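This is what each chain is made of:
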Amino acid sequence: LILTKPLGTGIVNTAIKAEMASEAAESEALLSMKTLNKYASEILKDFTVHACTDVTGFGLGGHSTEMAQGSGKTLVIATKKLKTFPDVEEYASMGLIPAGAYRNRDFAEKAGVRSSAALWREDLVYDPQTSGGLLAAVPERDADAVMKAMKKQKLPAAIIGWVEEYMDCSLILM
């Protein structure tokens, strides 16, 4: 599983509304929201992609759950591999979580979620994104080549997890 942009736009935007966001968090989130997914999608066209979706208001958790349900698989997300904007951990730990994150969590939990992740990382997974990145499931053999191509184009993509046969839940957060 490859995610092409950092997470946390909803959390940063909540911090902005509370007049608590740092200049770095605000500017990096704005730059990310202005970056088109077109560039990442053009790279992905050169590879086998089993499934792909943009991560938007439904958050990574909601979109991952839909992807898992649609394929009859379990998606495993290594939450420590998720890239974030500056200060997102601090804002999430302070409770600056958008209301949509709680709806996204409820949706995913109905499909089954197992988590050993820290609470702020769970909140990040469910954070509704504005102009979030692409979540792409690619063959393991292609993952390094995809990442090399993303890096060459200066895209902040990351390998964030993998797909397993269905294991009594749609989503595992580690």
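Residues numbered from 1 in each chain as written. Predicted model: local features only at pLDDT ≥ 70, side-chain atom pairs only at ≥ 80, totals over all residues. Heavy atoms only, no water.

A. The sheet that holds strand β7 (residues 161–165), seen in detail. Overall, mixed pairing links the 4 strands, which are arranged β4-β8-β3-β7 in an open sheet. Edge positions in the sheet fall to β4 (113–115) and β7, since each of these pairs with one other strand and no more. Sheet twist, expressed as the mean angle between neighbouring strand axes with direction ignored, is 20°. Bridge count between β4 and strand β8 (residues 171–173): 3 bridges; the pairing is parallel. The residue bridging S115 from the neighbouring strand is L173, located in β8. Against the sheet, helix α7 (residues 119–126) engages β4 and β8, with an angle of about 140° to β8. (Pairing = 2+ DSSP bridges. Helix = DSSP H or I, 4+ residues; strand = E, 2+ residues; numbered from the N terminus. Axes fitted to C-alpha atoms, helices over the stretch in contact; angles between N-to-C directions. Contact = heavy atoms within 4.5 Å.)

B. Local environment of the packing of aromatic side chains. For the structure shown, the criterion picks out 1 aromatic pair. On the basis of an interplanar angle of 45° and a centroid distance of 4.7 Å, the ring pair of F58 and F107 is categorised as tilted. Note that F58 is positioned in the loop between β2 (51–54) and α4 (59–71) and F107 in helix α6 (residues 99–111), a separation of 49 residues in sequence. Residue class for F58 comes out partly exposed when judged on its relative accessible area of 22%. (Phe/Tyr/Trp six-rings, centres within 6.5 Å; stacked < 30°, edge-to-face > 60°. Buried < 20%, exposed > 50% of the residue type's maximum accessible area, 1.4 Å probe, protein only.)

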